[in-house]
Amino acid sequence: MMKWRLEKALMWLFLLVTLVLIAWYNLTKPSILVLHSYDKDYSWVRDINIGVNRVLKNKYLYQVRWYYMDTKRHPDERYKTSAGISARDLIEQTRPDVIIAMDDDAQKYVAKYFSNNPKIKIVFGGVNKEAEDYGYEKASNVTGILERLPLTAISETLQSTRHLQQLKRPVQIAYLGDSSETVTGDANQIRKFDWAPHQMKEVRQVKTWGEWQSSILELGQQVDVILLTNYRGLQRSATDPSLVPAKEVVAWTEKNSLVPVVGGNGFYTEDGGMMAIGTSPFEQGEIAARRALQIVMKKVDPKMLPIVASQEFIVTMSGSRMKQRQFQLPKVYEAAAHAGDQYFE
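Residues numbered from 1 in each chain as written. Predicted model: local features only at pLDDT ≥ 70, side-chain atom pairs only at ≥ 80, totals over all residues. Heavy atoms only, no water.

A. Quick look at the overall build of the chain. A tally of helices and strands in the chain yields 13 helices and 13 strands. With respect to the principal axes defined by its C-alpha atoms, the chain has extents near 95 × 40 × 40 Å. Accessible surface, the chain as shown: approximately 16,900 Å² in total, 55% of it carbon and sulfur. One way to put it: in the chain the 44 positive side-chain charges average out to a point 5 Å from where the 39 negative ones average out. (Helix = DSSP H or I, 4+ residues; strand = E, 2+ residues; numbered from the N terminus. Areas by Shrake-Rupley, 256 points an atom, 1.4 Å probe, with all protein chains shown as cover. Lys, Arg positive; Asp, Glu negative; His and termini not counted. Charge placed at Lys NZ, Arg CZ, Asp CG, Glu CD.)

B. The side chain of His-36, seen in detail. Among the secondary structure elements, His-36 is positioned in strand β1 (residues 31-36). Its relative accessible area of 0% is what places His-36 among the buried residues. Within the structure, His-36 has its side chain in polar contact with the side chain of Asn-49 (distance 2.6 Å). Among all residues touching His-36, those that are not within four sequence positions of it are Val-45, Ile-48, Asn-49, Trp-66, Tyr-67, Tyr-68, Met-69 and Met-102. (Buried < 20%, exposed > 50% of the residue type's maximum accessible area, 1.4 Å probe, protein only. Polar contact = N/O pair within 3.5 Å; in protein donor to acceptor, adjacent residues only side chain to side chain. Contact = heavy atoms within 4.5 Å.)

C. View of empty space enclosed by the protein. Overall, the coordinates contain three cavities of 30 Å³ or more when judged by the stated rule. Its volume calculated, the largest cavity comes out at about 100 Å³. Along its surface, the largest cavity is lined by Tyr-38, Thr-71, Lys-72, Pro-75, Lys-80, Asp-105, Asp-178, Ser-180, Glu-181, Thr-182, Arg-232 and Gly-233. The class makeup of the residues in the lining of the largest cavity is two nonpolar, four polar and six charged. (1 Å grid on protein atoms, 1.4 Å probe; cavity = no way out; pocket = protein on both sides within 12 Å on 5 of 7 lines; lining within 4 Å. Points joined across faces, edges and corners; volume = space filled by probe spheres on them. Nonpolar A, V, L, I, M, F, W, Y, C, P; charged D, E, K, R; others polar.)

D. Highlighting the pattern of salt bridges. Per the stated rule, a full pass over the model turns up 17 salt bridges. Between Glu-286 and Arg-54 there is a salt bridge whose closest N-O contact spans 2.7 Å. Here Glu-286 is found in helix α11 (residues 281-297), whereas its partner Arg-54 is found in helix α2 (residues 43-55), with 232 residues between them in sequence. Within the structure, one salt-bridge network assembled from shared partners comprises Asp-39, Asp-70 and Arg-73. (Salt bridge = Lys/Arg side-chain N within 4 Å of Asp/Glu carboxyl O.)

E. View of the sheet that holds strand β13 (residues 343-344). Pairing is mixed across the open sheet formed by seven strands, whose spatial order is β7-β6-β8-β9-β10-β12-β13. Bordering the open sheet on either side are β7 (199-206) and β13, each of which pairs with just one other strand. Note: strand β8 (residues 225-228) against strand β9 (residues 261-263), three bridges, orientation parallel. Note that in β9 the partner of Ile-226 across the bridge is Val-261. Sheet strands touched by helix α7 (residues 181-192): β6 (172-178), β7 and β8. Its angle to β7, the strand with the most contacts, is close to 165°. (Pairing = 2+ DSSP bridges. Axes fitted to C-alpha atoms, helices over the stretch in contact; angles between N-to-C directions.)

F. The arrangement of unusual backbone geometry in detail. Residue Pro-197 is reached from Ala-196 by a cis peptide bond, and omega for that bond is 10°. The phi torsion at Asp-70 lies on the positive side, around 65°, for a residue other than glycine. If you trace the backbone, Asp-70 turns up in the loop between β2 (63-68) and α3 (77-94). Even without glycine at this site, Asn-116 takes up a positive phi of about 70°.

G. Local environment of a nonpolar patch on the surface. Taken together, the side chains of Leu-6, Leu-10, Leu-13 and Leu-16 make up a nonpolar region of the molecular surface, amounting to roughly 400 Å² of accessible area. Position of Leu-16 relative to the elements: it lies in helix α1 (residues 2-28). (Patch = residues over 30% accessible without salt bridge, like charges linked within 9 Å, V, L, I, M, F, W, Y side chains within 5 Å.)

H. Looking closely at α11. Here α11 spans 24 Å end to end across 17 residues, near enough to the 24 Å set by a 1.5 Å rise per residue. Counting buried positions over the 17 residues of α11 gives 13, a clear majority of the element. Taking the backbone nitrogen of Phe-282 as reference, a side-chain oxygen 3.3 Å away marks Ser-280 as the first, capping residue of α11. Lys-299, located one to two residues past α11, shows a positive phi value of around 60°. (Expected span 1.5 Å × (residues − 1).)

I. Highlighting the packing of aromatic side chains. Tallied over the entire structure, the rule returns nine aromatic pairs. Ring centres of Tyr-134 and Tyr-136 lie 5.8 Å apart, and the angle between their planes is 40°; this geometry places the pair in the tilted category. One exposure class covers both Tyr-134 and Tyr-136, and it is buried. Through a chain of ring-to-ring contacts, three or more aromatic side chains come together here, namely Tyr-38, Tyr-42, Trp-212, Tyr-231, Phe-267 and Tyr-268. The positively charged end of Lys-112 is found above the aromatic ring belonging to Tyr-113, 5.8 Å away from the centroid. (Phe/Tyr/Trp six-rings, centres within 6.5 Å; stacked < 30°, edge-to-face > 60°. Lys NZ or Arg CZ within 6 Å of the ring centre and 35° of its normal.)

Shown next as C-alpha cells:
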C-alpha cells in the first residue's frame, strides 16, 4: 500500500513540475506585438498578415499578439488619438520584446513614443512618409521597411500599352487621391518621380465625394490616364463626415471616367477597378516579420538592420474591364496577375 501511495505521489509531483515548467516557458518566451493602423478586413492588412504568418510559423518559440487601431474607417483626429493611447497602454502593460508597427498611423500615434526605449524594439512597415518624420533615423531601437509606390513599373506599363503607344506623343497623366496623410505620402513620391518620357500634369488630393466626382470628370478631359492610390478617406460631403464605401467610389469612377484609370495599390481591382500595379503587401509583412525574428531569436541589434524600401510589386487586373477600355498589354502582365491569384474576370 505504501509503495502504491509513493508511486502516486511521485506521479503527481512529476505532473506538477511539468505544468510549472510549461507555464514558466510560456511566460518567459519572447513576445511580438503586430500593431496595425487599420482593421483586419481591409485587403491591404489581410495580405500583410499573410506575409507575416509565412514567417512567424513556429509560434511555440515566441508569443504573437495582434492589435488593430482601425483608423482607416475612423479617420477623425479624436478617434486616432484615443486609439493611439489605448495601444500605448497595452504596450505598457504587456511589454512586448518587439513591436511590428504597420502603416503610418501606428508610427504617429504609438510606435514613435517608444523610440530609443532600451526594453522595446520597433520594426515598422507600410510607411509612406519618411523615417525622419517619426524620428527613426537616429533611433537606437528601430528598423523597418518603407512602402514605396512601384512608379518605375507603372511608367513602364503605360509605355507598353498599345493604344497609348499610338498617341505618338508623351502620355499625359494625372494623379488623384483623398486627403489622408497616407495619400499625402504617396503624392510626395509621385511629385518627385521622373515620369519621362511621360508627363505628370497634375497631382491632386480632395476631401469630399463631390470634389472627387468633379475631379474625375475634369481630369478625364485633360489627360490620357488617371492614376489613383487610395480613396477610402472621402467624406460624403462637407457637412456629412461619413465615408463613401470604396466599392462605390470605384464603381462610379470606372463608369464615368473618360480615360483609363490605373491603381497604384493592388486592392483597386478587388474594389472593382480595371487594373493596378501595386506595392506588395506580402513583402511588407515578410520583411518586417523576418527582422522581428532576427531581433528576438538571434539577438541582432536593430541598428545592424538598415532601413530598406520596398522592392516587389503585384499586378492585378480585371479581364472584362481591360477589354471594355481596350487597354491592351503584353501577355506577361496577365500571366503575372494569374500567378499572384490577382486576375478577375
